[in-house]
Amino acid sequence: MPEGNISKTTVSLEDRILTRHAAFMANLNGSQPFLLGLRSNALQAFQSLGFPGRKSEDWKYTPVTKWLDASLQMAESHDEPVLAVPPVLKQDNRYLAVSVNGIFRADLSELPGAEQNVVVCSLADAFKDHTELVQSHIAKQADYTSEAFTALNTAFLGNGLFVWIPDGASLDYPLYVTDICTDPNRSLIQPRNLFVVGANATGTILEWYDGPGHPSCFENAVTEFYVGPSSRVNHIYVFDRGESADLINSLFVYQEKDSYFATNHLTLSGRLVRYNLNFLPDGEGCETHLLGLVLARNEMHVDVHTFVDHAKPNSISNELYKCILDGNSVGVFNGKIMVRQDAQLINAYQSNRSVLLSDSAHMYSKPELEIYADDVKCSHGATTGQLDEEAIFYLQSRGLRQEEARLLLLESFAREVIEQVDDEAIRAYLGVRLRELLGEPAVSSTT
Amino acid sequence: MLRIENLHVSIEEEGTRILRGVNLEVNAGEVHAIMGPNGSGKSTLAAVLAGKAGYDITDGTVEYFGKDLLEMNPDERARDGLFLAFQYPVELPGVSMSNFLRQAVNRVREYRGQDELSAVDFLKLMKERAALINLDPSLIKRSVNEGFSGGEKKRNEIFQLAMLEPRLAILDETDSGLDIDAMRTVSDGVNKLRSEERAFIIITHYQRLLEYVIPDFVHVLVDGVIVRSGDKSLALELEAQGYDWLKKELAESAS
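Remember, predicted model here, so these are calculated numbers, not experimental data.

Asks: Just checking my understanding: could you explain the overall build of chain B for this structure?
Replies: The helix and strand inventory of chain B stands at 8 helices and 12 strands. The principal-axis extent of the C-alpha atoms belonging to chain B is close to 65 × 40 × 35 Å. For chain B, the proportion of contacts with a sequence separation of at least 24, taken over those separated by at least 6, is 69%. Of the roughly 11200 Å² of accessible surface on chain B, a fraction of 46% belongs to carbon and sulfur atoms. Between the mean site of the 30 positive side-chain charges and the mean site of the 42 negative ones, chain B shows a separation of 5 Å.

This is the structure:
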């Protein structure tokens, strides 16, 4: 293996993965050669890559093997979810796609009617019913040859979610996507989503992962978006699974010309949370918005890696990530922007702003701009600081208690991201949830 | 209302002595002006009264309505009717004026045993008080002080004063950086807010503001001590002769 420093526990986890994969492949009677080939190629890639170690530049501040402990099992349970749909998702005027432990469940979902001309089904069904379409998009952006977690996910690809908004179609209501983790053991679950949005199509996709029952799962999710010419997609992602849940979430977005893609990642709890957010605006006139809010407390570790690859001219990207770190939490932001040689007239903005609420919280922020075109506007800024004492005193001098002043400032700091969540019900819920989390005294350590 | 006795204050850690025995008594309805050259301790006095951190009170007492003011938190002082108009109002990006002021007004009302204002009543009060001091109503919809001009920030301080209806208002160099028109509107606002129950301490470097807001008493602070007190004519004398005149006179009388 190229990384020589993989510990014994992860080797044994890898062994478990290999054993499981052999069984998984043996059970796949009747699967297409395409899928079998993809899985075994991905497994080979995973084997040669290995889990990233300390020497991997991409994982410099996130020694991920620390969270890949010996107790981690491959997800087994197929129990009925005890707690079905998260209450906040019980809204009017929305569709709902529910998975359980990474496996899409049509029976628990509320899907658009046939008149909507939108397909929402399991990837397994999609391979059968929309073979060409799926084969031309799956694992195209999510390159499994260079990234171990994407390879691992791809090696077990099969039962995820497939959404297709065909040319000219539009989802009249947002599609809420959620996964319910029911395995009481510490298990590896690997959700896989493929969204294909045709030309001149629109949709709002809201991914919601909260934690009834405080799952201790390790989630390795991969999501691919193909956004067709002149299409518009709003994407919202909320992670709030509680203090024993780990997440690695890799998002790959491919944009055709004149398309619009906006994503807003809100991370409210978790233990290890790592985002690999990749955007390839591969046509002129693209607009890409990446926003995120991280609220980390106690021992939480959040790492946001973004990569915007401007391959074609005349496009805009705008990136804003805000972090509030308390306790012993660690935040990492690595924002890479690439402007390729012929990609003139690009406007790319990036900003990472963090507030540290304790002396033992850490933030590592690194912009990475690679610009090969000469007629572009790019900017980046990173600030990390404590709450402004002058501002707190100002508010106190108007009668607010110190805690109220602090809360007001933090809420205002977060609002810039939250108010851009394009879903009123969720926006309102997030406001309440944030206040609840910020108002709670931080616990010094988890036990 | 307020009784300051022999107040000695140093800057925390570095130990520089700023106030060296200030005595001052302020009663309801009175307007006191505190003048003095730069670095004489005027703003320190305002900051200490409002409860700002970073100062060591090395001696003396401050009594506010019979209570030990120095024992109270800044927010407690504010709820009990002490208001400081800042020399440099703080910008609060993302904190909306109405959200902030509604919390502030309701905290003060709660302390006074009054019911919280409803959203409708609060909005009405904001409009009324903004009109009282000619505050551009569009500023109410913005973040607190963010991107405000110098004059707008100072006017906003007086607007907050009007909203919170304090018993003792301390204006820390509210006139600095104001052009003559802005000074007039700010002064008009202050004059409208003068009342039998409310006292003002107006800290200023120049006499200009005192042409519009006529003080009952003028005190001159030099090197951390009030060296002279008088009526409004003292301000005119200072304007004509400068602080050097007073310093020289003091040096002569000391020798």
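Picking up where we left off.
Asks: Any chance you could explain the interface of chain B and chain A here in plain terms?
Replies: Interfaces are often sized by the accessible area lost when the parts come together. Opposite the 30 residues of chain B that make contact, chain A presents 18 residues. Across the chain B to chain A interface the summed buried area is about 2000 Å²; carbon plus sulfur atoms make up 59%. Put simply, chain B and chain A have 4 salt bridges between them. Glu390(A) serves as the salt-bridge partner of Lys52(B), at 3.0 Å between the closest nitrogen and oxygen. Here chain B is connected to chain A by 12 residue pairs in polar contact (both at pLDDT 80 or more).

Asks: Help me understand helix H5 (residues 150-164) of chain B in this model?
Replies: Given 3.6 residues to a turn, an α-helix orients residues that are three or four positions apart in the same direction. All names here are of chain B. Given a rise of 1.5 Å per residue, 15 residues ought to cover 21 Å, and the 22 Å separating the end C-alpha atoms of H5 matches this to within 8%. Taking burial as the measure, the 15 residues of H5 include 12 buried ones, the bulk of the element. Here H5 has its buried residues at Gly-151, Lys-153, Lys-154, Asn-156, Glu-157, Ile-158, Phe-159, Gln-160, Leu-161, Ala-162, Met-163 and Leu-164. Note on H5: the residue one or two positions beyond its end, Glu-165, has a positive phi of about 45°.

Asks: Where do I start with helix H4 (residues 119-132) of chain B in this structure?
Replies: Residue and element names in this part refer to chain B. When the terminal C-alpha atoms of H4 are compared, their 20 Å separation across 14 residues agrees well with the 20 Å that a helix rising 1.5 Å per residue should span. Restricting attention to buried positions, one finds in H4 the residues Phe-122, Leu-125, Met-126, Arg-129 and Ala-130. Down the axis of H4, the buried set is contained in an arc of 125°. They therefore lie on one face. For H4, the exposed residues set more than 90 degrees away from the buried face come down to Val-120, Lys-124, Lys-127 and Ala-131. Where the residues of H4 are buried, they touch helix H3 (97-111) and H5. Positive backbone phi, approximately 55°, marks Asn-134, located one or two places after H4.

Asks: How should the environment of Leu43(A) be read in this particular structure?
Replies: All names here are of chain A. Mapped onto the fold, Leu-43 is located in helix H2 (residues 33-49). The exposure class assigned to Leu-43 is buried, which follows from its relative accessible area of 12%. Excluding its chain neighbours within four sequence positions, the residues that come into contact with Leu-43 are Leu-18, His-21 and Ala-155.

Asks: Even after reading the chapter, I still don't get the sheet that holds strand E15 (residues 287-296) of chain A, so can you show me in this structure?
Replies: Consider a sheet: its strands pair through backbone hydrogen bonds, and that pairing is either parallel or antiparallel. Residues and elements named next belong to chain A. On the basis of which strands lie adjacent, the open sheet formed by 10 strands has the order E3-E2-E6-E9-E11-E13-E15-E17-E19-E21 and mixed pairing. In this open sheet, the two edge strands, each paired with only one partner strand, are strand E3 (103-110) and strand E21 (377-385). Neighbour to neighbour, the strand axes of the sheet diverge by 10° on average, direction disregarded. Packing against the sheet, helix H7 (residues 402-418) makes contact with strand E13 (260-267), E15, strand E17 (316-325) and strand E19 (347-356), and its axis sits at approximately 150° to E17.

What counts and how
Residues numbered from 1 in each chain as written. Chains lettered and ligands numbered in written order. Predicted model: local features only at pLDDT ≥ 70, side-chain atom pairs only at ≥ 80, totals over all residues. Heavy atoms only, no water. Helix = DSSP H or I, 4+ residues; strand = E, 2+ residues; numbered from the N terminus. Contact = heavy atoms within 4.5 Å. Areas by Shrake-Rupley, 256 points an atom, 1.4 Å probe, with all protein chains shown as cover. Lys, Arg positive; Asp, Glu negative; His and termini not counted. Charge placed at Lys NZ, Arg CZ, Asp CG, Glu CD. Buried area = accessible area lost by both parts, 1.4 Å probe. Salt bridge = Lys/Arg side-chain N within 4 Å of Asp/Glu carboxyl O. Polar contact = N/O pair within 3.5 Å; in protein donor to acceptor, adjacent residues only side chain to side chain. Expected span 1.5 Å × (residues − 1). Buried < 20%, exposed > 50% of the residue type's maximum accessible area, 1.4 Å probe, protein only. Arc of directions from axis to C-beta. Pairing = 2+ DSSP bridges. Axes fitted to C-alpha atoms, helices over the stretch in contact; angles between N-to-C directions.

So far we have only geometry, and geometry alone does not tell us how the molecule works.
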